[in-house]
Every structure is written in C-alpha cells, then in structure tokens.
Amino acid sequence: MKKREQIPNEYKWNLSSYIKDKIEIDKIFKIMENLINILPKYSGKLESPDILFERLEKYKDDFILISKLAHYISHMINVDSANTEILVLEQKFSSLYTKLSEADAYMLPQMYELPNEYLNSLLKDNRFKDYDNLIKDIIKLKPHKIDEKTNLLLSKMGNFIGNNENIHSILVDSELQFDDVLDSNGKKHKLDNSTYPKYVKGKDAKLRKNAFNSRMKGFAQLNKTFAELYLKDIEYDKFLSALTNYSNLLESVLLEDDIPKAVFDNIIKFTEKNIPLLQDYCKTRAKISKNKKFAYYDLFEDEKNKSKISLDTAINIIKNSLIPLGDDYLSNLNRKLNDQSIDYFPNENKNSGGYCSHCYGANTVILVNYLHDYSSVSTLCHELGHCINAEYFLQNQPYEKADITIFAAEIASTTNEILLNQYMLKTSNKNDKKYYLRHFLDNVRSTIFRQIIFTEFELYAHQTIEKDIPITYMDLNNHYLDLNKKFYGKSLIIPENLKYEWMCVPHFYSPYYVFTYATGLVCACVIANRLLSDNTFHKQYLNFLKNGTSKPAVDALKAIDIDLTTDKPYKEAFEFIEKQLNTYKSLYK
C-alpha cells in the first residue's frame, strides 16, 4: 500500500478551510484558555435576557473555531494514524476541551431551572430567533430533567456504571476465541473478527458454513455473560427512565428527537406486512444458487462485479445518475468534486472506512478508499449524498440549525445510492442487471428487515424488564431465533445456533436507534421513485435538504408529502421494492 506522500495532491483533501497553519492552532488554544476563565462568570445570571443572549452570541465565533480545530485533528488522524505530531496535538486539545466542558457545565442545567414564563418570553424576543429550537427543547424536556446535584452524581457514577457497551466491545474484540475452520479442500483457516467477513462472504460454501458455526460457538460459550451484560444495561435504562419521569425508555428516545410513536409503530407494522417480499427474495436466491440446503449464512455470499471502474468513469456515472436532482444540485455536486474536499485512495495508516463530515465555516469533506469496483462507486455516491445535503443546510441555516438529526441523516445518502442503482440498471446488460438488482435487494434485506428484527428484539427485552417479568439468557436466545423464523419462514434453512447472533450486535447498547435505518431507506425509496417519475419533485426535495434542524425531520418530510404517521409512504416504498424484486426474478426465467 502506498504511503500518504505518494498519493497525488489532487486525490487528497485540502483541510486549509479548517486550519491554515500552526499560528491559527495556537490562537485557538489561547481562545480555549480564555473561555475556561470567562464562561463560569455567567453562572447564576442566566435569568437576565441580556446576559443570556451575550453568553450565547458573544462567543459563537470562538466555538466555531474550536469545532474546526476538533474536526481538523480528527481528519488528520483518519488519514494517518501514525502521525505523532497530530497525536500530540490531539492530547493537548482533549485536555483543554475537557476543562472547557467543565467550565461550561452549568449552562444547560441552569437553563432547565429557568421558569417557563421566562423561556416563553425569550421565544418572542427577536434576538433569540436562532435559538428557538434550544429554548423549545428546554421547555419540552424540562419535566424529565434532574437537578444539578443528581446530574453531577450520575456523571461521576458513569465511570463505573453504564459502560456496558465498552465491556461488550472488549469481550468481542479481545476475549472471544473461535475455533479454526476448514474450507472445501480441507485447508484450515484461523478465524477471528477480521477474517470472518472474508470467509462468510466468500464463494466456498463449506468455509462459509464453518465460519458461521465457529463464530456462533464462540459467542455461545459466553452466552450467560453477554446476557447478564445486556440485561443489566436495560435495568440501568429502566432506572434512568424512572428517575427522569418517563414511563419507559422508548418514550424518552422518541420525545428527544420529536418522533411520533406512530412512526415507530408503522415501520414495524409495514415491515411485518411485507415479510412475503423478504421470503420471496430468499427463495429466489436459493433457487439461483441451486443449493438445496440454502441456509441463512448463504445470504452473505458476496457477488462480485468483475469490471474495473476508473475514478473518472465513476465520477461521470455518478453525475449522470443524479441528473434527476436538478441543475442546482448538480452545480453543488460539481463544485464539491473540484474543490479538493474528497480524500479518495487508500494509504498506509488511513482509516479503512468511509464517511462525510460537515463543520460550520469549513468545507464539508469526504473520506473514502476507492478500489475501482461498483461498491466503491456506490460508497462515493452515498457520501456525496451526505455532503450535498450538508452543503444545503450550511448555506441556508444559521449556525444553531446547521446540523442534521440521526433520524434524517441517512435519507439523502441512500436516495443517491438508489438513483445510482437505477441508472446502472438502465445502462447495463442482462448479467450486470442481475448484480445491481441483488445489490439493492440485499440492502433492503439488511437495512429494513434485519434492522426491524433487531428493533423487535430490543423492544421485547426492554418491555419485559420494564414490566418486572423475569427474563433469562435462554429467553433472549429463543426470542431472537423465533423472530428470525417469523421473518424468514421456510424460505431458507434457519440454523438453530442463529439464536446466539443477537450477542454480536453492539447497537443494542444504543437502544431504539436501528429502526431509523429502516425508516431512512423507506423514505429514500419514496424520494428516488418520485424523482424518477416526476421531473418537478426535485424542487420539493431540495427544500427538505435545506432544512437542517430548523424543524423536526418528521415535519420536514411531511412538507414534501412523506407523512410517516400514515400508511402512504410505506405502501409506496414497498411497491417500489416489489417492482425491483419482480424484475430480478424475471432475469432468471
């Protein structure tokens, strides 16, 4: 693999919009030191509108600069984790930022103590128009906030309670041991977390099966430990919910993100209603494979598109696929493709994933590892979806609202992926069409159906404990297996040891998060379908991209006629999915 300096500059991002030089870094450190001394002086004085406004507004530019430095350090580490100069810089920044956070820790707790009458008066004060979301959230969440003393106690308890996700990570990454596995030629392979994806996605059916079985056996050996870890995490969530006056954890998650309960209920209801689509897809995969014992783990077999796609070709494909988004979108896209915002190729010590990151006052940047295959093209198109979305809300919203919620975050990126996939289908031969359709349908299986299996599993676990019903590791195992049997039916073989798979999922320690992946793909299917069938819809869609957090995501979607509290978008999305599945099946007749 090439060293960082061997990659031509045109293929590396330029971070000068974040930090120009060491002089600017030193300036920001001085600002942080100054704020550490200044900010505590506002404590206890927030009942004055003038003082509160000064605290919020006067140091905004300073916090923007601090954010730019934080992003700069993170980006620099992500392209070269062995850069000792940046690692030293990160240590200094982290130390100062911790002190700054402590100096400013009074802010939110004291705002929660302010009377509602006073807070409502601020909403009528034009000076606070950009802070209306903050004030409304304070009013909304005030009945669920605890006093400063209890909050401080909980934060100190956080050092030894509530870290179960970290313990899970240590167990999975460091403690679990897996048996070696044999391939179809009798060759032995070492199995660990890094080799598992390669084996389970490979063409060797025996190796795929053995890798899955060995992994499940490894988790089974710590079954009681993982169950105790997870159940105690839920008990802690139950404790916090009671402490903060919520009837249950789900209520708190939905309220904080302004998501109506009907949205949560609907994604489960309509996913279950469309289980026959999942089973039809799995039966089709089994038929294509000609494997009479097609099992759950055979779904993971990767189908490679062997054609090499140069970066220039990829960019042209992406541009053409996104034409339905309109001229203004394409103008922003071309600008981002030409302003050195993207770090394209792998190099030594570079983060192996891909991401897009925005920061107010700086270029929105993208990190990918382009490998000249369709998966790389799709990843680049996905991240450009995040990027242009960010550009729109950064251009159209004030600093306080130039962000995006988790609920809305994946909609724009996934819409881009679907538009790309549909373009490839239009311009490809029959064999390639098979590949692109399977790519889309696999994404539906893993992003909608699989995530709702996870959602129903965590809902069962939380509700059981919230009702004080005894629950054991065997109950967790059996319920997870039953859910998979319900979703997959007899479309493939469900191995008994699938009951241990729930222990592999770190998302369960961030409860009620994964359902947003499913709602995001549902929205993307609706949006992409409308963009392709209505050449005026892009104008409405761009308004959604500009929203940021100026209004809740669910309301911003309603404004473009996607009301997730109703049946309509789910029916539209699954009809689109069914159409793709029928096309896929027809190619094998």
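What counts as what
Residues numbered from 1 in each chain as written. Predicted model: local features only at pLDDT ≥ 70, side-chain atom pairs only at ≥ 80, totals over all residues. Heavy atoms only, no water. Helix = DSSP H or I, 4+ residues; strand = E, 2+ residues; numbered from the N terminus. Rg over C-alpha atoms; globule rule 2.2 N^0.38 Å. Buried < 20%, exposed > 50% of the residue type's maximum accessible area, 1.4 Å probe, protein only. Areas by Shrake-Rupley, 256 points an atom, 1.4 Å probe, with all protein chains shown as cover. Lys, Arg positive; Asp, Glu negative; His and termini not counted. Charge placed at Lys NZ, Arg CZ, Asp CG, Glu CD. Salt bridge = Lys/Arg side-chain N within 4 Å of Asp/Glu carboxyl O. Phe/Tyr/Trp six-rings, centres within 6.5 Å; stacked < 30°, edge-to-face > 60°. Core = buried A, V, L, I, M, F, W, Y, C linked by side-chain atoms within 4.5 Å. Contact = heavy atoms within 4.5 Å. Axes fitted to C-alpha atoms, helices over the stretch in contact; angles between N-to-C directions. Parallel < 35°, antiparallel > 145°, perpendicular 65-115°, else oblique. Left-handed = near helix turned anticlockwise from the far one by under 90°. Pairing = 2+ DSSP bridges.

Peer 1: Which residues make up the overall build of the protein chain, and what values go with them?
Peer 2: For the protein chain, the count of helices and strands is 25 helices and five strands. Computed over its C-alpha atoms, the radius of gyration of the protein chain comes to 25 Å, within 12% of the 25 Å expected for a compact globule of 589 residues. With the C-alpha coordinates aligned to their principal axes, the bounding extent of the protein chain is approximately 75 × 60 × 50 Å. Counting across all 589 residues of the protein chain, residues that qualify as buried make up 51%. For the protein chain, the computed accessible surface area is about 27,500 Å², with 50% contributed by carbon and sulfur atoms. Looking at the protein chain, you have 78 positive and 79 negative side-chain charges, and the mean spots of the two groups are 7 Å apart.

Peer 1: How would you summarise the pattern of salt bridges if you had to cite specific residues and measurements?
Peer 2: For the structure on display, the rule yields 32 salt bridges. In this structure, D50 engages R127 in a salt bridge whose closest nitrogen and oxygen atoms are separated by 2.8 Å. Of the two residues, D50 sits in helix 2 (residues 49-58) while R127 sits in the loop between helix 6 (116-123) and helix 7 (132-141), which places them 77 residues apart along the sequence. In this structure, the salt-bridge partner of D561 is K568, at a minimum N-O distance of 2.7 Å. Since its relative accessible area comes to 41%, D561 is described here as partly exposed. The exposure class assigned to K568 is partly exposed, which follows from its relative accessible area of 44%. Residues joined in a network through salt bridges with shared partners are K203, R208, D298 and E301.

Peer 1: Which residues make up the packing of aromatic side chains, and what values go with them?
Peer 2: A full pass over the atoms with the stated rule returns 37 aromatic pairs. On the basis of an interplanar angle of 80 degrees and a centroid distance of 5.9 Å, the ring pair of Y42 and Y59 is categorised as edge-to-face. Within this pair, whereas Y42 is found in the loop between helix 1 (22-38) and helix 2, its partner Y59 is found in the loop between helix 2 and helix 3 (60-79), the two being separated by 17 residues in sequence. In this structure, Y42 and Y59 share a single accessibility class: buried. With 5.0 Å between their ring centres and 5 degrees between their planes, F270 and Y570 make a pair best called stacked.

Peer 1: Help me get a handle on the nonpolar core, residues and values and all.
Peer 2: Ranked by internal contacts, the top residues of the largest apolar core, which has 142 residues, are Y488 and W502. A total of 15 residues in this core trace back to one element, the largest contributor, which is helix 20 (residues 430-466). Residues I73, M107, I135 and A362 belong to the second largest nonpolar core, which totals 50 residues.

Peer 1: Mind laying out the environment of H382, listing which residues take part and the relevant values?
Peer 2: Within the secondary structure, H382 is located in helix 18 (residues 374-396). Spatially, the C-alpha atom of H382 lies 9.7 Å from that of G354, the residues being 28 residues apart in sequence. Among residues more than four places away in sequence, those in contact with H382 are E410, S413, T414 and E417.

Peer 1: Let's hear about unusual backbone geometry: which residues, and what values?
Peer 2: Phi is positive for D468, close to 60 degrees, though the residue is something other than glycine. Examined against the element boundaries, D468 turns out to sit in the loop between helix 20 and helix 21 (473-488). The backbone phi angle of D561 is positive, close to 65 degrees, even though this residue is not glycine.

Peer 1: Account for the packing of helix 15 (residues 275-289) against helix 25 (residues 568-586), with residues named and values stated.
Peer 2: Contact pair helix 15 / helix 25: the axes reach a minimum separation of 11 Å and the direction vectors enclose 15 degrees. In terms of their interaxial angle, helix 15 and helix 25 are classed as roughly parallel. Once helix 15 is placed against helix 25, the crossing between them reads as left-handed. Facing L277, D280, Y281, T284, R285 and I288 of helix 15, the residues of helix 25 in contact are F574, I577, E578, L581, Y584 and K585.

Peer 1: Provide a residue-level description of the sheet that holds strand 4 (residues 355-357), including the pertinent values.
Peer 2: The mixed open sheet is built from three strands, whose spatial order is 3-5-4. Only two strands of the sheet have a single partner each, and these edge strands are strand 3 (342-343) and strand 4. Where strand 3 meets strand 5 (residues 365-367), two bridges bridge the pair, whose relative direction is parallel. Paired with D343 across the two strands is L367, which belongs to strand 5.

Purely geometric stuff here, so don't read any function into it on its own.
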